[in-house]
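This is what each chain is made of:
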Amino acid sequence: MAKLTKKQKVVAQLDNEKLYTFDEALNVLREHKAKFDETVEVAMNLGVDPRHADQMVRGMVSLPSGTGKDVKVAVFARGENAEKALAAGADKVGAEDLMEDMQNGNLDYDRVIATPDMMGVVGRLGKVLGPKGLMPNPKLGTVTPNVEQAVKDAKGGQVEFRVEKMGIIHSGIGKLSFKDADIKANFAALTNAIVRAKPTGSKGKYVRKIALTSTMGPGLKIDLSEVEGA
């Protein structure tokens, strides 16, 4: 018989049907934490079918306590905007040279930002950036004349959320080393943003399930009363 992993042993000890408050769930994750600083993650199951345009859920939210992650940002800009992007902390700034670099497979970025005048160049990268969810988008604030602020937002804890095929949104909300209040503030910011992003085509119950987990920890069901508007 195969030996159970530490995570499987923890899961076996827990009541799969129990609904936790956020504080209870976080305490369980801390009790069973790994030897490294795990990421705390939220999964929200929504009553939407993202195959229909009027049921897509996507947006940006700034997590007040940050993510605890070093976010790599690439910016398409020229001249003064390029200088501002670099000053704001962008990891790579360029134009055609950056496009060629990405076409050659150098895509180790978490966020790609562009000024509006650069979209002619960026547009050629649709098949490269699109599948990775990195294509700059004016609705998400990643196509903007204010690249300085966009870089600061990305570096300062702004995350993108996007519903997957099965109607689920996954997002990290910090590290287990964060204080309880900081993780809880990030949880509230993310879930409230997703509730506010309810699409017009969503019928019936919008937020169906919420789970809290960590990189190596169990998935714990959160009582929906913990989320405003759910």
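Definitions and limits used
Residues numbered from 1 in each chain as written. Predicted model: local features only at pLDDT ≥ 70, side-chain atom pairs only at ≥ 80, totals over all residues. Heavy atoms only, no water. Buried < 20%, exposed > 50% of the residue type's maximum accessible area, 1.4 Å probe, protein only. Helix = DSSP H or I, 4+ residues; strand = E, 2+ residues; numbered from the N terminus. Arc of directions from axis to C-beta. Contact = heavy atoms within 4.5 Å. Phe/Tyr/Trp six-rings, centres within 6.5 Å; stacked < 30°, edge-to-face > 60°. Lys NZ or Arg CZ within 6 Å of the ring centre and 35° of its normal. Core = buried A, V, L, I, M, F, W, Y, C linked by side-chain atoms within 4.5 Å. 1 Å grid on protein atoms, 1.4 Å probe; cavity = no way out; pocket = protein on both sides within 12 Å on 5 of 7 lines; lining within 4 Å. Points joined across faces, edges and corners; volume = space filled by probe spheres on them. Nonpolar A, V, L, I, M, F, W, Y, C, P; charged D, E, K, R; others polar. Domains from an automatic or database assignment. Buried area = accessible area lost by both parts, 1.4 Å probe. Salt bridge = Lys/Arg side-chain N within 4 Å of Asp/Glu carboxyl O. Axes fitted to C-alpha atoms, helices over the stretch in contact; angles between N-to-C directions. Parallel < 35°, antiparallel > 145°, perpendicular 65-115°, else oblique. Left-handed = near helix turned anticlockwise from the far one by under 90°. Pairing = 2+ DSSP bridges.

Colleague: Would you explain helix H2 (residues 22–31) in this entry?
Modeller: One full turn of an α-helix is made of 3.6 residues, so residues set three or four places apart face in the same direction. Buried residues of H2: Phe-22, Ala-25, Leu-26, Val-28 and Leu-29, and no others. Looking down the long axis of H2, one finds its buried residues gathered within 155 degrees of arc, a one-sided arrangement. On its buried face, H2 is in contact with strand E7 (168–175), helix H8 (180–196), strand E8 (207–214) and strand E9 (220–221).

Colleague: Just to check I follow, could you spell out the packing of aromatic side chains for this structure?
Modeller: Two measures describe an aromatic ring pair: the distance that separates the ring centres and the angle between the ring planes. Under the criterion given, the structure shown has one aromatic pair. Between Phe-22 and Phe-187, the aromatic rings sit 4.7 Å apart at their centres with planes inclined by 35 degrees, giving tilted as the arrangement. One end of the pair, Phe-22, is in helix H2; the other, Phe-187, is in helix H8, with 165 residues separating them in the sequence. Just above the ring of Tyr-20 sits the side chain of Lys-18; from NZ or CZ to the centre is 5.0 Å.

Colleague: Even after reading the chapter, I still don't get the side chain of Gln-55, so can you show me in this structure?
Modeller: Tracing the chain through its elements places Gln-55 in the loop between strand E1 (39–46) and strand E2 (58–62). Given the relative accessible area of 14%, Gln-55 is considered buried. In contact with Gln-55, not counting residues within four places along its chain, are Gly-47, Val-48, Asp-49, Pro-50, Pro-199, Gly-201 and Ser-202.

Colleague: Looking at this structure, I do not really get the nonpolar core. What am I missing?
Modeller: With 36 residues, the main nonpolar core has Leu-46, Ile-173, Ile-210 and Leu-212 as its most contacted residues. Those elements giving two or more residues to this core turn out to be H2, E1, strand E6 (158–162), E7, H8 and E8. The dominant element in this core, judged by the number of residues it contributes, is H8, at seven residues. Those residues in contact with Ile-210 that lie beyond four places of it in its chain are Val-42, Ala-43, Met-44, Phe-187, Leu-220, Lys-221, Ile-222, Leu-224 and Val-227. Residues Phe-76, Met-102, Tyr-109 and Met-118 belong to the second largest nonpolar core, which totals 16 residues.

Colleague: Just checking my understanding: could you explain the layout of surface pockets for this structure?
Modeller: It is a probe the size of a water molecule, rolled over the atoms, that shows where empty space is left. Looking at the largest pocket, its volume works out to about 670 Å³. Only E2, strand E5 (111–114), E6 and E7 provide two or more residues apiece to the lining of the largest pocket. Of all the elements, E7 adds the most residues to the lining of the largest pocket, at six residues. Broken down by class, the residue content of the lining of the largest pocket amounts to 11 nonpolar, nine polar and nine charged. Counting residues domain by domain, the lining of the largest pocket receives three or more from each of domain 1 (15–66 + 158–226) and domain 2 (73–155). Reported here for the second largest pocket is a volume of approximately 220 Å³.

Colleague: What is the right way to look at the domain arrangement of the protein in this model?
Modeller: Accessible area lost upon the coming together of the parts is a frequently used measure of interface size. Partitioning the protein into structural domains gives domain 1 (15–66 + 158–226) and domain 2 (73–155). Computed from C-alpha coordinates alone, the two centres of domain 1 and domain 2 are separated by 27 Å. Listed as interface residues are seven residues of domain 1 and, on the opposing side, seven residues of domain 2. Approximately 610 Å² of surface area, both sides summed, lies buried where domain 1 meets domain 2, with 42% of it carried by carbon and sulfur atoms. A per-residue breakdown of the area domain 1 buries against domain 2 is headed by Arg-58, Met-60 and Gln-158, which together make up 78% of the total. Seen at the junction of domain 1 and domain 2, the total is zero salt bridges.

Colleague: Can you help me understand the packing of H2 against H8 in this one?
Modeller: The relative placement of two packed helices comes down to the angle between their axes together with the axis-to-axis distance. H8 packs onto H2 with a crossing angle of 125 degrees between their chain directions and a minimal axis gap of 11 Å. Viewed along their axes, H2 and H8 adopt a mutual orientation that is oblique. When you trace H2 past H8, the crossing you get is right-handed. Only Asp-180, Ile-183, Lys-184 and Phe-187 of H8 make contact with H2, whose side of the interface consists of Phe-22, Asp-23, Leu-26, Asn-27 and Arg-30. Class assignment of the residues belonging to the contact of H2 with H8 gives a composition of four nonpolar, one polar and four charged.

Colleague: Which parts of the structure should I look at to understand the environment of Asp-180?
Modeller: By the element assignment, Asp-180 lies in helix H8. Taking the C-alpha atoms as reference points, Asp-180 and Glu-41, separated by 139 residues in sequence, lie 14 Å from one another. With near-sequence residues (within four places) excluded, Asp-180 lies in contact with Leu-26, Asn-27 and Arg-30.

Colleague: Is there a simple way to think about the sheet that holds strand E4 (residues 92–94) in this case?
Modeller: Strands belonging to one sheet form pairs held by backbone hydrogen bonds; the direction of such a pair is parallel or antiparallel. The parallel open sheet is built from three strands, whose spatial order is E4-E3-E5. At either end of the open sheet lies a strand with only one pairing partner, and these are E4 and E5. Each strand of the sheet is rotated relative to its neighbour by a mean of 15 degrees, with strand direction disregarded. The pairing of strand E3 (residues 73–76) with E4 spans three bridges and is parallel. Bridge pairing in E4 links Phe-76 to Gly-94.

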